[in-house]
Amino acid sequence: MKLVLTNQTGGYDVTEQVQKVTLSGDYQQCARTLEISMLLKSCQRTGGRHHPHNQTWESLVFQNGDHAALYHENQLLFSGNIETRARDSESSLVTLTAYDGGRILKKNTDAIKAAGLTPEGLVQTIAQKYGVPLGEIASTGVKLKKNYIQRSLYDMIQSAYTDAGEALGKKYIVRFEGQKLCVREKIRRDTTVLESGVNLFSSSVTESVADMVNQVVIVDENDKVLQTLKNDEDIARYGLAQVMVKQTSEDLTAQAKKKLEDGREEQKITVQNFGNPAYITGNAVVVKDTVTGLSGLFWIDSDVHSWKNGLYQNRLTLNFRNIMDEKDVGEEEK
C-alpha cells in the first residue's frame with residue numbers, strides 16, 4: 001500500500017505515518033469511501049530534529065479539499081478529495097475521510113433532456129458538461145424516452161441504464177475507477193476463487209424469507225383482476241405472501257415477474273479474506289468453503305479493503321443474484 005496526500009504545498013507520501021486505511025464501496029453508493037487514521041504526533045518536530053522522511057513535514061497540515069490517492073503495487077485504487085477531518089482530545093489520531101468522483105454525480109442536480117439519447121449518450125453529455133474523465137462506458141443502443149428535471153446526475157445515469165437493462169435483460173454497475181467514470185455490464189469476467197485454507201479466512205450465511213413475495217395480482221383501475229402470477233412451490237412451503245399492482249395503460253407483466261424474482265428467499269453472505277484489489281463491488285467471485293458448504297459463483301454487493309500493521313484484508317458482502325441499483329426517475333416526453 002502507498003498513500004499520497006496532496007495539499008497546496010505539494011504531494012507527500014504519508015504511508016509511514018498512517019495507522020490504518022480503509023477503502024469501501026456499495027452497489028447502492030456510486031462514491032467509494034477512503035478513511036485514513038494518522039498519528040498527529042508524527043507531524044510534529046521531535047527533539048529539535050526534522051521528520052526523518054520529510055524535512056518540511058512538521059509544517060504540513062491536511063485539510064478538507066486536499067487530495068488523497070491510494071495505490072496497491074503501483075495500481076491506483078482510489079483518487080478523491082478529503083471531505084471530513086476529525087480529531088479527539090483523548091487520541092493522538094486524526095481521521096480523514098475522502099470520496100472519489102462519484103460524489104460529483106451524487107452532489108449535483110440538473111435538468112437534462114435525455115429523450116432520444118442513449119444511456120451512453122447521456123453519460124457523454126454529463127461528462128462533457130461537468131469535466132468528468134471517462135473510462136469504459138457500456139454501449140446499449142437503447143433510445144431513452146425520459147427527460148430528467150431536478151435529479152441528481154447519478155440518478156439520471158442509473159435510471160437510464162435501468163431502462164436499458166430491462167429492455168436488454170442486462171445489469172450494469174456505475175463506478176469510478178481511479179479518476180475515470182466507468183459504466184460496465186455486470187458479467188462474469190476473469191473470476192478469481194476464494195477457497196478455505198488458501199485465501200479465505202471465514203464466511204457466514206444468513207437466510208431469510210421475511211420480505212418474501214410469492215404472488216402478484218395485477219388489477220385494472222376498477223380493481224378487476226387481470227392476471228395473477230405466483231410461485232406455487234414457495235407458497236406451499238412458506239405460505240402466501242401477496243402484493244397487488246394496479247395497471248393503467250402500461251402492461252405490468254414484466255414488473256410483476258420481477259417482483260416475484262426479487263421476493264425469493266434472501267441470502268446474506270459475508271466473507272473475510274486476504275486482500276485483493278479485484279474484489280470490488282460489481283465484480284464476481286467464486287467461493288469454495290468446505291466449513292459452511294458455501295460454494296458457487298457470487299456477486300459482490302459491497303466491499304471493504306483495510307490495511308493495518310502490514311496486513312491487507314477484505315470483508316465482502318456477496319449475493320448469488322446479479323442485481324443493480326435500479327432507479328426509475330424522470331418524466332416521459334409526450
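Above this note sits the structure.
Residues numbered from 1 in each chain as written. Predicted model: local features only at pLDDT ≥ 70, side-chain atom pairs only at ≥ 80, totals over all residues. Heavy atoms only, no water.

Chemist: How would you summarise empty space enclosed by the protein if you had to cite specific residues and measurements?
Modeler: Within the structure shown, the criterion is met by 1 cavity of 30 Å³ or more. Volume-wise, the largest cavity comes out at about 110 Å³. Lining of the largest cavity is provided by 15 residues; of these, Asp26, Gln29, Ile173, Val174 and Arg175 occupy positions nearest its centre. Broken down by secondary-structure element, the contributors of at least two residues to the lining of the largest cavity are β3 (18–26), β4 (29–39), α3 (153–168) and β11 (172–177). By residue number, the principal contributor to the lining of the largest cavity is β11, which donates 4 residues. In the lining of the largest cavity, the residues fall into 7 nonpolar, 4 polar and 4 charged. (1 Å grid on protein atoms, 1.4 Å probe; cavity = no way out; pocket = protein on both sides within 12 Å on 5 of 7 lines; lining within 4 Å. Points joined across faces, edges and corners; volume = space filled by probe spheres on them. Helix = DSSP H or I, 4+ residues; strand = E, 2+ residues; numbered from the N terminus. Nonpolar A, V, L, I, M, F, W, Y, C, P; charged D, E, K, R; others polar.)

Chemist: A description of the sheet that holds strand β12 (residues 180–185) should follow, citing residues and the corresponding values.
Modeler: Across the sheet, which stays open at both edges, the 3 strands sit in the order β9-β12-β11 with mixed pairing between neighbours. Edge positions in the sheet fall to β9 (134–137) and β11, since each has one partner strand and no second. Here the strands of the sheet are splayed against their neighbours by 15 degrees on average, with no regard to which way each runs. Alignment of β11 against β12, held across 6 bridges, turns out to be antiparallel. Its bridge partner being in β12, arginine 175 is matched across the sheet by cysteine 182. Relative to the sheet, helix α2 (residues 119–130) contacts β9 and β12, its axis offset from that of β9 by approximately 175 degrees. (Pairing = 2+ DSSP bridges. Axes fitted to C-alpha atoms, helices over the stretch in contact; angles between N-to-C directions. Contact = heavy atoms within 4.5 Å.)

Chemist: Hey, could you go over the sheet that holds strand β22 (residues 331–332) for me, with residue numbers and the actual values?
Modeler: Within a sheet, adjacent strands bond to each other through the backbone by hydrogen bonds, running parallel or antiparallel. Reading across from one edge, β8-β10-β22 is the order of the 3 strands in this open sheet, with antiparallel pairing throughout. Two strands close off the open sheet at either side, each with one partner strand: β8 (109–112) and β22. Of the strand pairs in this sheet, β8 and strand β10 (residues 146–152) are connected by 3 bridges, and their pairing is antiparallel. By the bridge assignment, aspartate 110 is partnered in β10 with arginine 151. On top of the sheet, α2 reaches β8 and β10; it is set at about 125 degrees to β8, its chief contact. Sheet strands in contact with α3 are β8 and β10, and its direction is about 145 degrees off that of β10.

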